[in-house]
Amino acid sequence: NAGVTQTPKFQVLKTGQSMTLQCAQDMNHNSMYWYRQDPGMGLRLIYYSASEGTTDKGEVPNGYNVSRLNKREFSLRLESAAPSQTSVYFCASSGPAYRGTMNTEAFFGQGTRLTVV
Amino acid sequence: AQTVTQSQPEMSVQEAETVTLSCTYDTSENNYYLFWYKQPPSRQMILVIRQEAYKQQNATENRFSVNFQKAAKSFSLKISDSQLGDTAMYFCAFSETMDSNYQLIWGAGTKLIIKP
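Keep in mind that this is a model prediction, so the values were computed, not measured.

Some points on the state of the cysteines
Stage number 1. Across all of its chains, the model carries two disulfides over all chains by this definition.
Stage number 2. The disulfide partner of Cys 23 of chain A is Cys 91 of chain A, and the gap between their sulfur atoms is 1.8 Å. Residues Cys 23 of chain A and Cys 91 of chain A are joined by a disulfide whose S-S torsion is about -75 degrees; by sign, that bridge is left-handed. You can see Cys 23 of chain A sitting in strand 3 (residues 19-25) and its partner Cys 91 of chain A sitting in strand 9 (residues 87-94), a full 68 residues away along the chain. Pair check on accessibility: Cys 23 of chain A and Cys 91 of chain A agree, each one buried.
Stage number 3. One disulfide in the model links Cys 23 of chain B with Cys 92 of chain B; its S-S distance is 2.0 Å. With the S-S dihedral at roughly -70 degrees, the linkage between Cys 23 of chain B and Cys 92 of chain B falls on the left-handed side.

Observations regarding the side chain of Gln 25 of chain A
All names here are of chain A.
Stage number 1. One can find Gln 25 in strand 3.
Stage number 2. For Gln 25, a relative accessible area of 1% corresponds to the buried category.
Stage number 3. Of the polar contacts made by the side chain of Gln 25, one reaches the backbone oxygen of His 29; its length is 2.9 Å.

A few points about the packing of aromatic side chains
Stage number 1. Scanning all chains against the criterion turns up 16 aromatic pairs over all chains.
Stage number 2. Pairing Tyr 35 of chain A with Phe 108 of chain A gives two aromatic rings, centres 5.9 Å apart and planes at 35 degrees, and the pair type is tilted. Highlighted residues: Tyr 35 of chain A in strand 4 (residues 31-37) and Phe 108 of chain A in strand 10 (residues 107-108), separated in sequence by 73 residues.
Stage number 3. Since its relative accessible area comes to 0%, Tyr 35 of chain A is described here as buried.
Stage number 4. Residue classification places Phe 108 of chain A among the buried residues on the basis of a relative accessible area of 4%.
Stage number 5. Taken together, the ring pairs in this structure connect Tyr 33, Tyr 35, Phe 90 and Phe 108 of chain A together with Phe 35, Tyr 37, Phe 91 and Trp 106 of chain B into an aromatic cluster.
Stage number 6. Above the face of the Phe 10 of chain A ring, Arg 43 of chain B is positioned so that its terminal group lies 5.3 Å from the ring centre.

Calculation criteria
- Residues numbered from 1 in each chain as written.
- Chains lettered and ligands numbered in written order.
- Predicted model: local features only at pLDDT ≥ 70, side-chain atom pairs only at ≥ 80, totals over all residues.
- Heavy atoms only, no water.
- Disulfide = S-S within 2.5 Å.
- Helix = DSSP H or I, 4+ residues; strand = E, 2+ residues; numbered from the N terminus.
- Buried < 20%, exposed > 50% of the residue type's maximum accessible area, 1.4 Å probe, protein only.
- Polar contact = N/O pair within 3.5 Å; in protein donor to acceptor, adjacent residues only side chain to side chain.
- Phe/Tyr/Trp six-rings, centres within 6.5 Å; stacked < 30°, edge-to-face > 60°.
- Lys NZ or Arg CZ within 6 Å of the ring centre and 35° of its normal.

Here you go:
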């Protein structure tokens, strides 16, 4: 099925452990994003990638690194997990946005529920 | 900086009733886009409806419609003939048109419960 695929769906980590969340899209989108969702706070942007080979910090980048491996894949890495990183993580992608044209909506993966104990 | 505010943390209505979810935003831009997303218990984010700021006509998608008041910076979602499957979190989101990237600014969400 076309769309955005995230793995894993659930993960429990101990404080200090590292892990990588994987994301892939098959819609030939240029832009990809990582968000975290916490209760009562909506979605907050961690990092985004406007195109293959570029990444930029979002609102809450501390404690995370990303890698845009190719046009399809955008991974999020936690080098040393902390309890404050317990959250639901969403990957999203969107088509190109050019000046004067209508922007497109974002397509989301199903999310990863991460618990850091 | 742009902000999006959803002032109703939770709402509950009977099946078949009409419900309106509110959203206000703050921006100094003249051209931008507004979205309503639905997040059911499956956690997947689903686009419900979108509105371009330069269009005066309110967007509609079947039972979903918006009341876009540009001067008031208000963007409410009306769900008519509500169904049990409409039970979900609803998020309002805002974005500007950008040359090479795209960022959504999100509200905190409204939990909508449709009761049988």
